[in-house]
Amino acid sequence: MTEKVRFTKMHGCGNDYIYINMIENSIADPRAAAIAWSDRHQGIGSDGLVLIDKSPVPEADFSMRIFNADGSEAMMCGNASRCIGKYLYERGLTDQTVIRLLTLSGIKTLQLHIINNKVDTVTVDMGEPALKDETQFVESRNPGYGTFVSMGNPHYVIFTNEVDQVSETGQMLEHHLAFPKRCNIEFAHVEDDGSIRTRVWERGSGVTQACGTGACATAVAATLTGRVKGKSQIVMDGGSLSIEWRKEDNHVYMTGPAEFVFDGELELAKLQTT
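Summary of the structure given here. Keep in mind that what you see is a predicted model, and the values were worked out from it rather than measured.

Concerning the pattern of salt bridges
Thought 1: What the rule picks out here adds up to 16 salt bridges.
Thought 2: Here D47 ties to R40 by a salt bridge, and the two come within 3.1 Å at their closest N and O atoms.
Thought 3: For D47, a relative accessible area of 6% puts it in the buried group.
Thought 4: The class of R40 is partly exposed, set by a relative accessible area of 48%.
Thought 5: Of the charged contacts in the structure, one is a salt bridge between E90 and K86, with a shortest N-O distance of 2.8 Å.

Encoded structure:
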């Protein structure tokens, strides 16, 4: 009998991933799976692959691993974290409305906001932003016109009237010498109503509809440069996220929706491992 794996496709503001419950399934080569299944013409189509599992440490309830569409492993994804909260609650894996999620960027706390026994939105404590990370950013090779912010993964935020340069300039900056491990790039503009229009080039995936950590990095950069104070509404291609950088604990909190798209089943025999 051919071995099969069940998957769920979900998105947060259009940032779509394939989710696998690793408590019930196993994948020998998630990097190869991410590449094959993320293909939007010959696969399922997504920005990457997310693996949900039990936590190996008692300090967390569940764990997450995330692989970009090019097979590289990401440290953290805010949109995927919100989707995991909805998945765990609505699929009956937990009845908790506060979930501790282990990521490669540490443990993130998810606060589920429930309406009629469904997860309406999720607030994620994204932790403290870091403004300098020598492993991700070489200051002497600074591209010169943006703000570096790490939200557990590296971001470079550029405020400009031309956010649609995301494809051409974003691809170039991802591989800039200033970023020895590559970087996520945000192009942002503060609108008349105070919201921040943002377009994202994600490391390993290219242009995406949204990026949770990118939204957080944009809000931090906007605050640091005096464009906003504390709270921000980040408007991306796929939707909006509410971001608050709280003074009392220096943590960034992200609130937004998560949606199911569809469930399916794949034959693992069709996956060519590398």
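Section: the packing of aromatic side chains
Thought 1: Tallied over the entire structure, the rule returns two aromatic pairs.
Thought 2: Ring centres of F7 and F262 lie 6.0 Å apart, and the angle between their planes is 80°; on these two criteria the pair is classed as edge-to-face. With F7 in strand β1 (residues 4-12) and F262 in strand β17 (residues 259-267), this residue pair connects regions lying 255 residues apart in the sequence.
Thought 3: Here F262 falls in the partly exposed class, since its relative accessible area comes to 38%.
Thought 4: Over the ring of Y253 we find R246; its NZ or CZ atom is 3.8 Å from the centre of that ring.

Quick word on the nonpolar core
Thought 1: Y19, V50, A80, I84, M126, I243 and V252 are the most contacted members of the largest nonpolar core, which totals 51 residues.
Thought 2: F7, I18, I20 and A33 belong to the second-largest nonpolar core, a separate cluster that totals 15 residues.

Here's the deal with the side chain of D47
Thought 1: Secondary-structure assignment places D47 in the loop between α1 (30-38) and β3 (48-54).
Thought 2: Excluding its chain neighbours within four sequence positions, the residues that come into contact with D47 are G14, N15, D16, Y17, S38, R40, F67, N68, A69, S205 and T208.

Remarks on the pairing of β1
Thought 1: Bridge analysis of β1 against β17 gives eight bridges, and the strand direction is antiparallel. Looking across to β17, one finds that K9 is bridged to F262.
Thought 2: By the bridge criterion, five bridges tie β1 to strand β2 (residues 15-21) in an arrangement that is antiparallel. Within the sheet, the bridge partner assigned to H11 lies in β2 and is D16.
Thought 3: The turn joining β1 and β2, which pair antiparallel and follow one another in sequence, is formed by two residues; a positive phi near 55° is taken by C13.

Examining the pairing of strand β15 (residues 239-245)
Thought 1: Pairing between strand β14 (residues 231-236) and β15: six bridges, direction antiparallel. Paired with I234 across the bridge in β15 is L241.
Thought 2: Between β14 and β15, which pair antiparallel and follow one another directly, the connecting turn spans two residues.
Thought 3: Note: β15 against strand β16 (residues 252-256), four bridges, orientation antiparallel.

Some thoughts on the state of the cysteines
Thought 1: Applying the stated criterion to the full structure yields zero disulfides.
Thought 2: Looking at C13, it has no disulfide partner, and the nearest cysteine sulfur is the one in C83, 9.0 Å off.
Thought 3: Residue class for C13 comes out buried when judged on its relative accessible area of 4%.
Thought 4: C183 forms no disulfide, and the closest cysteine sulfur to it belongs to C211, at a distance of 10 Å.

Quick look at helix α3 (residues 166-174)
Thought 1: Looking only at α3, the buried set comprises V166, T169, G170, L173 and E174. The arc enclosing the buried residues of α3, seen along the axis, measures out at 135°, which places them on a common side.
Thought 2: Packing partners of the buried residues in α3 comprise β10 (154-159), β11 (184-190), β12 (196-202) and β13 (206-208).

Details of the environment of D193
Thought 1: Along the chain, D193 falls in the loop between β11 and β12.
Thought 2: For the pair D193 and Q233, spaced 40 residues apart in sequence, the C-alpha to C-alpha distance is 9.8 Å.
Thought 3: A distance of 2.7 Å separates the side chain of D193 from the side chain of S195, its partner in a polar contact.

What counts as what
- Residues numbered from 1 in each chain as written.
- Predicted model: local features only at pLDDT ≥ 70, side-chain atom pairs only at ≥ 80, totals over all residues.
- Heavy atoms only, no water.
- Salt bridge = Lys/Arg side-chain N within 4 Å of Asp/Glu carboxyl O.
- Buried < 20%, exposed > 50% of the residue type's maximum accessible area, 1.4 Å probe, protein only.
- Phe/Tyr/Trp six-rings, centres within 6.5 Å; stacked < 30°, edge-to-face > 60°.
- Helix = DSSP H or I, 4+ residues; strand = E, 2+ residues; numbered from the N terminus.
- Lys NZ or Arg CZ within 6 Å of the ring centre and 35° of its normal.
- Core = buried A, V, L, I, M, F, W, Y, C linked by side-chain atoms within 4.5 Å.
- Contact = heavy atoms within 4.5 Å.
- Pairing = 2+ DSSP bridges.
- Disulfide = S-S within 2.5 Å.
- Arc of directions from axis to C-beta.
- Polar contact = N/O pair within 3.5 Å; in protein donor to acceptor, adjacent residues only side chain to side chain.

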